Amino acid sequence: MSHTRINLCNVTSLLVDSDFYTRSLVAQMLRGFRMEPPILADNGKQAMAILQHQCPDICIMEAVLPDMTSADLLHWIRRLKGPIHFVPTIVLTGYTQLRMIAAARDGGANIIVKKPVSPKALFDHMLWIARVSRPFVESNRYIGPDRRFRTVEPPDGKFKRDTDDTMASEDADVGPTYAQS
Amino acid sequence: MKLIHFPKTRFAELAARAGGITQSAAIEGALKGIESARPESDATILNAIGAIEEILYAPDVGSNLSEANMHAILRHADQIVTLAGMFCYEQLDLAARSLCDLVDGLLNSGQSFVAPIDVHVRALRLMAPGSTSPSRAEADKVFEGLQKILSHFKFISLSSVDKSLDVEP
């Protein structure tokens, strides 16, 4: 992996974090990766205002912003028209925000990275986003990259399609699934 | 209605261009940038510990804290975890995580005792940048004590929250 090359020159980013110091550290990392200096926002409203006029190539945001959560912001982004709709997003969660992981994933985040973010972790996740093509799902309840990472067969006795589930288990509680409908 | 797209994002297109840098060069570049910020980070950590102490030792604080103060302590402790982890202050990182676990547990159980938080803050001060670092054995003793506090309240670590979720590729 260490010899894999990635060209991040001219890549633009939006960095949304309420903490000035964390924001400047992540910005330092992005500059180290030779990306353009990021566009900075310290809350969700400011990020929305920026995204109405600019389309960064990648968004990096904190899980909890002063005025909204990353899930709220992502929900808004994923419903915009144009290329911004598909913009790759990385959500950074602080140690006390780990309960936000599921919400950020269900809001349409591409990847969630736990703080403290090391340069290696951030770089590897960006490389993964660039290299691994994931289907992008649009349904009534969810818009975002396919949330399923594992490609395993359903367990024995379980059906594979939503319609199979409906037909077979009207009286059975199958629990939450990641069906994208 | 369900639509499946296979978008080629501009980010993926730009990243796939010829040239660029290797992972090791990118990390080296990033580390140089953040290493230059270490003095500022150390000052931020010390300020955060100071802010927690200010809340804890305010004259009007008795044996319990207000919910707002508990949330403020949690925010400062979270910032310490982030910076300590980023700049590899391993002992401080562990102590700050323990403080987060404690305050989060207290908040969730409707409690607000000052004493167990006070013990944690003393541990933070002991392990703060610029302090005389305790030896491994001394630090282990301190962590044993902090763990006893969490065990007493039967609080579990916040780091166990995400274990069941797919967060890594």
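Residues numbered from 1 in each chain as written. Chains lettered and ligands numbered in written order. Predicted model: local features only at pLDDT ≥ 70, side-chain atom pairs only at ≥ 80, totals over all residues.

### Let's talk about the overall build of chain A
Thought 1: Counting its secondary structure elements, chain A contains six helices and eight strands.
Thought 2: Counting every position in chain A, which comprises 181 residues, the buried fraction comes to 45%.
Thought 3: Taking all contacts inside chain A whose residues are at least 6 apart in sequence as the whole, residues at least 24 apart take part in 61%. (Helix = DSSP H or I, 4+ residues; strand = E, 2+ residues; numbered from the N terminus. Buried ≥ 20, exposed ≤ 12 C-beta atoms within 10 Å, placed from the backbone. Contact = placed C-beta atoms within 7 Å.)

### Some thoughts on the packing of helix H1 (residues 20-32) of chain A against helix H2 (residues 23-35) of chain B
Thought 1: At their nearest, the axes of H1(A) and H2(B) sit 7 Å apart, and the two run at 145° to each other. The two elements H1(A) and H2(B) meet at a crossing, and its hand is right-handed. On H2(B), the residues that touch Leu25(A), Gln28(A), Met29(A), Arg31(A) and Gly32(A) of H1(A) are Ala26(B), Gly29(B), Ala30(B), Lys32(B), Gly33(B) and Ile34(B).
Thought 2: Of the residues belonging to the contact of H1(A) with H2(B), the class tally is five nonpolar, four polar and two charged. (Axes fitted to C-alpha atoms, helices over the stretch in contact; angles between N-to-C directions. Left-handed = near helix turned anticlockwise from the far one by under 90°. Nonpolar A, V, L, I, M, F, W, Y, C, P; charged D, E, K, R; others polar.)

### Comments concerning the sheet that holds strand E1 (residues 2-5) of chain B
Thought 1: Pairing is antiparallel in the open sheet, where three strands are placed in the order E8(A)-E7(A)-E1(B). Strands with a single pairing partner mark the edges of an open sheet, and in this sheet they are strand E8 (143-145) of chain A together with E1 of chain B. Taken pair by pair, the neighbouring strands of this sheet meet at an average axis angle of 15°, ignoring direction.
Thought 2: Of the strand pairs in this sheet, strand E7 (residues 136-139) of chain A and E1(B) are connected by four bridges, and their pairing is antiparallel. (Pairing = 2+ DSSP bridges.)

### As for helix H7 (residues 136-153) of chain B
Two residues of an α-helix separated by three or four positions point the same way, owing to the 3.6 residues in each turn.
All names here are of chain B.
Thought 1: Helix length check: H7, at 18 residues, gives a terminal C-alpha distance of 26 Å against a target of 26 Å (1.5 Å per residue), a fit within 8%.
Thought 2: What H7 keeps buried is the set Val142, Leu146 and Ile149. Projected down its long axis, H7 shows its buried positions confined to an angular sector of 45°, all on one face. Residues of H7 that are exposed and point more than 90 degrees away from the buried face comprise Arg136, Ala137, Asp140, Lys141, Glu144, Lys148, Ser151 and His152.
Thought 3: Among the structural elements, helix H5 (90-108) and helix H6 (115-127) are those in contact with the buried residues of H7. (Expected span 1.5 Å × (residues − 1). Arc of directions from axis to C-beta.)

### Section: the confidence of the model for chain B
All names here are of chain B.
Thought 1: Looking at chain B as a whole, its pLDDT mean stands at 90, while 95% of the residues score no less than 70.
Thought 2: Between the elements of chain B, mean pLDDT differs from a low of 87, seen in E1, to a high of 96, seen in H6.
Thought 3: Segment residues 164-169: pLDDT under 50, and ten contacts once partners within four positions in sequence are set aside and those in other chains are kept.
Thought 4: Interface predicted TM-score (ipTM) for the complex: 0.81; the corresponding pTM is 0.81. (pLDDT = per-residue confidence, 0-100.)

### A closer look at the sheet that holds strand E2 (residues 13-16) of chain A
Residues and elements named next belong to chain A.
Thought 1: One open sheet holds the five strands; their spatial order is E3-E2-E4-E5-E6, and the pairing between them is parallel. On the outer flanks of this sheet lie strand E3 (39-41) and strand E6 (111-114), each paired with one strand and no other. Looking at each pair of strands side by side, their axes are set apart by 20° on average, direction ignored.
Thought 2: Judged from the four bridges that link them, E2 and strand E4 (residues 58-62) form a sheet pairing that is parallel.

### Side note on the confidence of the model for chain A
Thought 1: Looking at chain A, pLDDT values average 86 and 81% of them are 70 or higher.
Thought 2: Below a pLDDT of 50 lies the segment residues 171-177 of chain A, which in the model reaches two contacts outside its immediate sequence neighbourhood of four places, other chains included.

### Digging into the nonpolar core
Thought 1: The biggest cluster of nonpolar side chains holds 94 residues, and the ones touching the most others in it are Ala104(A), Ile80(B), Ala96(B) and Leu124(B).
Thought 2: Top contributing element to this core by residue count: H5(B), with nine residues. (Core = buried A, V, L, I, M, F, W, Y, C linked by C-beta atoms within 7 Å.)

### Focus on the interface of chain B and chain A
Thought 1: With 48 residues of chain B in contact, the opposing surface of chain A contributes 54 residues.
Thought 2: Of all the secondary structure elements, the ones that give two or more residues to the side of chain B that touches chain A are E1, helix H1 (10-15), strand E2 (21-22), H2, helix H4 (67-86) and H5 of chain B.
Thought 3: Here the residues of the side of chain B that touches chain A are counted per class, giving 26 nonpolar, 13 polar and nine charged.

### A short note on the packing of helix H3 (residues 38-56) of chain B against H6(B)
All names here are of chain B.
Thought 1: Taken N-terminus to C-terminus, the directions of H3 and H6 make an angle of 150°; their axes are 11 Å apart at the nearest point. In terms of orientation, H3 and H6 fall into the roughly antiparallel class. Judged by the twist between their axes, the crossing of H3 over H6 is left-handed. Seen from H3, the contacting residues are Ile49, Ile52, Glu53 and Leu56; seen from H6, they are Ile117, Asp118, Val121, Leu124 and Arg125. (Parallel < 35°, antiparallel > 145°, perpendicular 65-115°, else oblique.)

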